[in-house]
Amino acid sequence: MDELARKYFGGELTQNERLELLRRAETDGQLYEALIRHQNICTLLALAPRRGDSTTAYREFRAFRRRQNSKTVRRLTMTSLRYAAVVLIAVAATWSLAYINNKQHTTGTMQTLYVPEGQRISITLDDNTVVWLNSRTKISYPSVFGADERRVSLEGEAYFEVNRDANRPFIVRSGDMEIKVLGTSFNIHSYPNEAVSRVSLIDGSLQVSAKGSATTDIILEPDYEAVFDGKDLSVVRIRNKNHFLWTQGIYVFENETLGAIVKQLELYYDIKINVLDNAMLQWRYTVKFRQRDGIREILRLLQEIHHFSMAFDEIDNTVYISK
């Protein structure tokens with residue numbers, strides 16, 4: 001069992017072998033424990049120092065995407081292993097735990113995948129398009145795309161690296177929005193209960209339309225995003241490029257109010273945060289968190305910047321914050 005887990009986290013299995021192993025782990029207690037044991041080791045290794053200075057974060061994010069797209073696996077020295085491979089192992093560990101605990105089922109040729117709170121995963125679609133899914137996100141996609149188009153539906157947040165195919169446009173339906181692309185990298189933030197949805201373009205170009213909007217179809221350019229508030233579709237420059245570091249398990253807030261941060265934390269960790277003094281909602285923060293830190297540690301770090309008291313109600317799954 002340990003040997004199988006080692007091969008899984010070491011990247012020695014094909015994708016089909018990885019999927020089969022994870023399916024077995026759902027019913028094989030010993031295999032499940034072996035995977036969790038190796039995941040814990042990887043998590044401890046991931047605590048090693050890593051670069052993450054905010055002034056270079058966006059450049060590193062682009063480098064991260066290039067590394068993800070590389071088809072060549074290089075042999076690493078022991079020194080580079082400490083700083084580079086551990087990141088890949090940690091991502092694999094997050095993926096494994098999410099997959100084992102996620103709900104995934106097939107209805108005909110369609111598959112639906114849901115990511116629970118506090119986790120993120122990466123999947124590769126039939127056309128080799130890579131999709132990163134954030135916490136509390138659901139995606140539906142066919143096991144095999146058709147000959148004319150590649151269509152998926154999304155609720156939540158996902159980062160897409162679409163494999164170019166001029167003969168089959170890639171289409172994402174998210175709420176009332178529809179995004180059409182041939183080959184590009186972009187992020188969609190569109191949770192059902194949020195008032196505003198965003199489509200942020202990193203590379204390439206794409207077309208965004210929204211049901212009920214008076215604005216006609218929008219063609220986005222890199223570093224811009226389409227914003228839909230349920231009525232109007234507009235285009236603005238991306239304000240916080242570090243936001244997309246969530247694909248690496250990092251949440252970045254730049255000059256955000258406590259009210260805005262609380263909404264995101266409630267979304268990502270499925271918890272209710274009740275701020276008892278409305279004036280506190282205007283407090284501003286520039287902070288960076290690791291997803292694996294968990295809600296208690298994140299609130300403790302916020303508490304060090306602006307002092308406040310907090311109390312956890314485990315029964316109601318609620319945190320109360322006051323001056």
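Predicted model only: the values in this text are computed from it and were never measured.

Draft legend 1. Quick peek at the overall build of the protein chain. A count of helices and strands for the protein chain gives seven helices and 19 strands. Out of the 323 residues belonging to the protein chain, those deemed buried represent 47%. Residue pairs in contact within the protein chain that sit at least 24 positions apart in sequence constitute 51% of those at least 6 positions apart. Accessible area for the protein chain stands at about 16800 Å²; split by element, carbon and sulfur atoms hold 49% of it.

Draft legend 2. The arrangement of the pairing of strand β5 (residues 137–142) in detail. Along β5, five of the six residues are buried, which leaves the element largely enclosed by surrounding structure. Here six bridges tie strand β2 (residues 110–115) to β5, and the two strands are oriented antiparallel to one another. Note that in β5 the partner of Q111 across the bridge is Y141.

Draft legend 3. Structural context of the packing of helix α6 (residues 258–269) against helix α7 (residues 294–305). Packing of α6 against α7 brings their axes to within 11 Å, and their N-to-C directions diverge by 170°. Put simply, α6 runs roughly antiparallel to α7. Across from L258, I261, L265 and Y269 in α6, the residues of α7 making contact are G294, I295, I298, L299 and L302. A per-class count over the contact of α6 with α7 returns eight nonpolar, one polar and no charged.

Draft legend 4. Region of the structure containing the sheet that holds strand β16 (residues 272–275). Across the sheet, which stays open at both edges, the three strands sit in the order β16-β19-β18 with mixed pairing between neighbours. A single partner strand is all that each edge strand has here, and the edge strands are β16 and β18 (309–313). For this sheet, the mean inter-axis angle between neighbouring strands, taken without regard to orientation, is 20°. Pairing geometry for β18 and strand β19 (residues 318–322), over five bridges, is antiparallel. Note that in β19 the partner of F312 across the bridge is V319. In the packing of α7 onto the sheet, contacts are made with β16, β18 and β19, and the angle to β18 comes to roughly 165°.

Draft legend 5. Just the pairing of strand β14 (residues 233–237), in detail. Here five bridges tie strand β13 (residues 224–228) to β14, and the two strands are oriented antiparallel to one another. Residue E225 lies in a different strand from β14, and its bridge partner there is V236. Where β13 hands over to β14, the hairpin turn is made up of four residues, of which G230 adopts a positive phi near 100°.

Draft legend 6. Spatial organisation of the environment of D316. Along the chain, the position of D316 falls in the loop between β18 and β19. Residues D316 and I271 lie 45 residues apart in sequence; the distance between their C-alpha atoms is 9.0 Å.

Draft legend 7. View of the environment of I202. Take I202: it is sitting in strand β10 (residues 197–203). Look at I202 and you get buried, because its relative accessible area is 0%. As for I202 and F186, which are separated by 16 residues in sequence, their C-alpha atoms are 5.3 Å apart.

Draft legend 8. Representation of the environment of V115 within the structure. Within the secondary structure, V115 is located in strand β2. Separated by 18 residues in sequence, V115 and L133 have C-alpha atoms that sit 7.1 Å apart.

The rules behind these values
Residues numbered from 1 in each chain as written. Predicted model: local features only at pLDDT ≥ 70, side-chain atom pairs only at ≥ 80, totals over all residues. Heavy atoms only, no water. Helix = DSSP H or I, 4+ residues; strand = E, 2+ residues; numbered from the N terminus. Buried < 20%, exposed > 50% of the residue type's maximum accessible area, 1.4 Å probe, protein only. Contact = heavy atoms within 4.5 Å. Areas by Shrake-Rupley, 256 points an atom, 1.4 Å probe, with all protein chains shown as cover. Pairing = 2+ DSSP bridges. Axes fitted to C-alpha atoms, helices over the stretch in contact; angles between N-to-C directions. Parallel < 35°, antiparallel > 145°, perpendicular 65-115°, else oblique. Nonpolar A, V, L, I, M, F, W, Y, C, P; charged D, E, K, R; others polar.

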